[in-house]
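Understanding the architecture of this molecule
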Amino acid sequence: GRGRRGLGGRVDRVRADELLDPQAHEALDAALVPAADCRSAPWLRLLRDLGLKRRVDAKTFLDAAKAAAAAADAGAARRLLKALYTDHALATDDGLLASLAPVAFVPCCDYARGGDVVDDFASFDALVAPGDRRVAWLGAKVLRPGDAPPRVLWHPLGLKSPPAPATVLAHARRLAADPG
C-alpha cells in the first residue's frame, strides 16, 4: 500500500482494502483514496484485485465522521452528510446510524454564542431540528435546514422533534434572564 506520514515522520503503510476506489465514490477524504500516482487504470485494476473498496462501508464512514469532528472540518462534514443521505446502504444501516448519533461532526448554529456567523459542530442527538428553532434556539445548537437529514433518518440518528422539555426550558430561562 501507500505510505502516510505518522508520528515522528515515519511512514505508515496502508493496505488496498483500507482505501476507497476514487471512481466508485466521491472522495470523502483524500486520505481514503489511493495516492495520485496510483490512480491510473493499471494501478486501479491491481488495487481492486487486492481489495480496494468499491463502496463506503460503515466503519470507514464512522471513522471519517470522527476525523471531520476532530478537525472541525465543515466541508468534510457536509460531504459526509451528503453521502449518508444519498447512499441507501449507509442510510439503512441501523448500527451506523446509532453509532453516528453521538459524534459531533454535524455543522450547526450556536445562537447562544452569536448565531449563524460560523460553523459550530454538534452531534445529531444534541441538536434542535430546524423547524424547532423558535422554541429552543438558546437551549441547544440548531441544525441548519440545508444540513438536515431526510425525516425518516431523524429517529435513528437521535434527532428529536419536538425538542426535549429541558431544552425548551433552558431556552425560556435564558430569554427571561436577558430579554434584550
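Fair warning: this is a prediction, and the values are worked out from it, not measured in the lab. For every chain, the first residue of its written sequence is number 1, and the numbers climb from 1 along that sequence. Local features in this predicted model are restricted to residues of pLDDT 70 or higher, and side-chain atom pairs are both shown and tallied only at a pLDDT of 80 or more, whereas totals for entire chains, interfaces and linings draw on every residue. The side-chain values count all of the structure's non-hydrogen atoms but skip hydrogen atoms and water molecules.

**Re the overall build of the chain**
Worth spelling out the cut-off: Helix and strand labels come from DSSP, where a helix needs a run of H or I of at least four residues and a strand needs a run of E of at least two; each type is numbered from the N terminus. The contact criterion used is simple: two residues touch if any of their non-hydrogen atoms lie within 4.5 Å.
Scanning the chain from terminus to terminus reveals eight helices and five strands. Considering only intrachain contacts with a sequence separation of at least 6, the fraction spanning at least 24 residues in the chain is 57%.

**What to know about the nonpolar core**
Note the following rule: Residues grouped as a nonpolar core are buried Ala, Val, Leu, Ile, Met, Phe, Trp, Tyr and Cys residues, joined through side-chain atoms within 4.5 Å. Only protein chains enter the calculation, and the probe is 1.4 Å; a residue is then buried if its accessible area is under 20% of its type maximum, exposed if over 50%, and partly exposed in between.
By size, the foremost hydrophobic cluster in this structure holds 37 residues, and its most contacted members are Phe61, Leu84, Leu100 and Phe105. Elements supplying a minimum of two residues to this core: α2 (58-71), α3 (74-86), α4 (88-91), α5 (94-100), β3 (106-110), β4 (115-122) and α7 (154-157). Among the elements that take part in this core, α3 stands out by supplying eight residues, more than any other. Within the second largest apolar cluster, seven residues are counted, among which are Leu19, Cys38, Leu47 and Leu52.

**Considerations on the packing of aromatic side chains**
Threshold: Between 30 and 60 degrees the pair is tilted, below 30 it is stacked and above 60 it is edge-to-face, where a pair is any two Phe, Tyr or Trp rings, Trp via its six-membered ring, whose centres lie within 6.5 Å.
Applying the stated criterion across every chain yields a total of two aromatic pairs. Ring geometry for phenylalanine 105 versus phenylalanine 124: centroids 6.1 Å apart, planes at 80°, classification edge-to-face. Separated by 19 residues along the polypeptide, phenylalanine 105 in the loop between α5 and β3 and phenylalanine 124 in the loop between β4 and α6 (133-136) bring together distant segments of the chain. Like phenylalanine 124, phenylalanine 105 is buried. On the numbers, 6.3 Å between centres and 85° between planes, the contact of tyrosine 111 with tryptophan 137 is edge-to-face.

**Quick word on the pattern of salt bridges**
Basically, it comes down to this: The term salt bridge refers to a pairing of a side-chain nitrogen on Lys or Arg with a carboxyl oxygen on Asp or Glu at a separation within 4 Å.
Summed over the entire model, instances satisfying the criterion amount to 13 salt bridges. The closest approach of N and O atoms between aspartate 21 and arginine 54, which form a salt bridge, is 2.6 Å. Placement of the pair is aspartate 21 in the loop between β2 (11-13) and α1 (41-49) and arginine 54 in the loop between α1 and α2, with a sequence separation of 33 residues. With its nearest N and O atoms 2.7 Å apart, the salt bridge here joins lysine 59 to aspartate 63. You can see lysine 59 and its partner aspartate 63 sitting in helix α2, four residues apart, about one turn around the helix. Where salt bridges share partners, they join Arg78, Asp119, Arg144 and Asp147 into one cluster.

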